[in-house]
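Results of the structural survey
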Amino acid sequence: MKKSITIIITLLIFASSFSQNKFGNPEVDPIQIQKTYESWSAYQNKKIMLSRDFKALDFSSKEISKETFLDWLANGNFIPIRLKSETAVYVYKLFKIQPKTDSSIKATINQIGFDAYKNYKMEGTAFPSFSFKDLNGNLVTNESIKGKIIVIKCWYIHCTPCIKEFLQVNKLVADYKDRNDILFISLAEDSSEQLKTFLARKPLSYAVIPDMKEYMNQALQLNSFPTHFIINKEGMIAKVLPNFESLEVALAKESKL
């Protein structure tokens, strides 16, 4: 009888252990990565892409929705860590922030979570009505782009991360040059005169729409730049993205649909 009880207990322990580890172990030590703001920031910027599709786990390894995961990042006391998995599979788990961790890490994570949550809630909704004229005088409206995938970059001249992406986004345009069903448009805060002077030195392959500050603030409610949108052929927002790396991944997926 004692032997049977021992076997049952062993099996229960094994099952519990398997349940906790079936998604893999953290790719970095969740405690060590919190030692300095610099080490956490380097990891976050390179490894955590909240705009992508991923499996979300809470701190007890229970699966939760992406919406809940982002909400907890925005309002809780957690850091996201990727678990070891196949290259194309992304599993992010929440780990509690340690009591002695630099408070700026929590503040930054809360802001990142807030932006990611807001972006996620926009996905699946209709892109706000618009009627724009680009620097060449071409009119772009909701009606004129129907049936096409639209990639929109929101930026302004004095946004360093926005400008840093130019080489990458220009290459992206070149990569899709044979796709007549994909259009690249940029919304800029600056005036036509300012943009023409600036773009003469730093070309951008997107169609550029000037004087978009009010539209981006009110219609899109943006508070961070750059922000990229992918609009599907039905005019719905497929993805809202914070950088080129996430844009490249999302566009590759959308272009195959």
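Structural notes, computed from the coordinates.

Cut-offs and rules
Residues numbered from 1 in each chain as written. Predicted model: local features only at pLDDT ≥ 70, side-chain atom pairs only at ≥ 80, totals over all residues. Heavy atoms only, no water. Helix = DSSP H or I, 4+ residues; strand = E, 2+ residues; numbered from the N terminus. Contact = heavy atoms within 4.5 Å. Polar contact = N/O pair within 3.5 Å; in protein donor to acceptor, adjacent residues only side chain to side chain. 1 Å grid on protein atoms, 1.4 Å probe; cavity = no way out; pocket = protein on both sides within 12 Å on 5 of 7 lines; lining within 4 Å. Points joined across faces, edges and corners; volume = space filled by probe spheres on them. Nonpolar A, V, L, I, M, F, W, Y, C, P; charged D, E, K, R; others polar. Buried < 20%, exposed > 50% of the residue type's maximum accessible area, 1.4 Å probe, protein only. Lys, Arg positive; Asp, Glu negative; His and termini not counted. Salt bridge = Lys/Arg side-chain N within 4 Å of Asp/Glu carboxyl O. Disulfide = S-S within 2.5 Å.

1. Describing the environment of Thr 125
Within the secondary structure, Thr 125 is located in the loop between α4 (103–122) and β5 (131–133). Between the C-alpha atoms of Thr 125 and Lys 35, which are 90 residues apart in sequence, the distance is 40 Å. Those residues within four positions of Thr 125 in sequence are excluded, and the remaining contacts are Met 236 and Ile 237. Among the polar contacts listed, one links the side chain of Thr 125 to the backbone oxygen of Met 122, at a separation of 2.5 Å.

2. Brief notes about empty space enclosed by the protein
Tallied over the entire structure, the rule returns 1 cavity of 30 Å³ or more. What the largest cavity holds in volume is close to 30 Å³. If you go around the largest cavity, the residues you meet are Gln 44, Leu 50, Leu 73, Pro 80, Ile 109, Ile 112 and Gly 113. Per element, the largest residue contribution to the lining of the largest cavity is 3 residues, and it comes from α4. In terms of residue class, the lining of the largest cavity is built from 5 nonpolar, 2 polar and no charged.

3. A word on the environment of Lys 100
With respect to the helices, strands and loops of the structure, Lys 100 is situated in the loop between β4 (91–96) and α4. Put simply, Lys 100 and Lys 35 are 65 residues apart on the chain and 8.8 Å apart in space, counted from C-alpha to C-alpha.

4. A few points about the side chain of Arg 52
Within the element layout of this structure, Arg 52 appears in the loop between α2 (37–47) and β1 (55–57). Despite being buried, Arg 52 has no salt bridge partner; Asp 53 is the closest side chain of opposite charge, sitting 8.0 Å away. Only 3.4 Å separates the side chain of Arg 52 from the side chain of Tyr 90, close enough to count as a polar contact. In this structure, Arg 52 is in contact with Lys 66, Tyr 90, Tyr 92, Lys 239 and Val 249, ignoring residues within four places of it in sequence.

5. A closer look at the pattern of salt bridges
When the charged atoms of two side chains with opposite charge come close together, those side chains can pair. Evaluated as defined, the whole model comprises 10 salt bridges. Ionic pairing is found between Glu 123 and Lys 239, a salt bridge with its closest N-O pair at 3.9 Å. Taken together, the positions of Glu 123 in the loop between α4 and β5 and Lys 239 in strand β11 (residues 237–241) put the pair 116 residues apart, joining distant regions of the chain. Lys 239 matches Glu 123 in its accessibility class, with the two residues each being buried. Across the pair Asp 181 and Arg 179 runs a salt bridge, and its minimum N-O distance is 2.8 Å. For Arg 179, a relative accessible area of 27% gives the class partly exposed.

6. Topic: the state of the cysteines
Applying the stated rule across the entire model yields 1 disulfide. Here Cys 159 is linked by a disulfide to Cys 162, with a sulfur-sulfur distance of 2.2 Å. On the sign convention where negative is left-handed, the bridge of Cys 159 and Cys 162, at about 75° about the S-S bond, is right-handed. As far as burial versus exposure is concerned, Cys 159 and Cys 162 are alike and both buried. With no disulfide of its own, Cys 154 lies 9.1 Å from the sulfur of Cys 162, the closest cysteine sulfur.

Any functional reading would require information that these geometric values do not contain.
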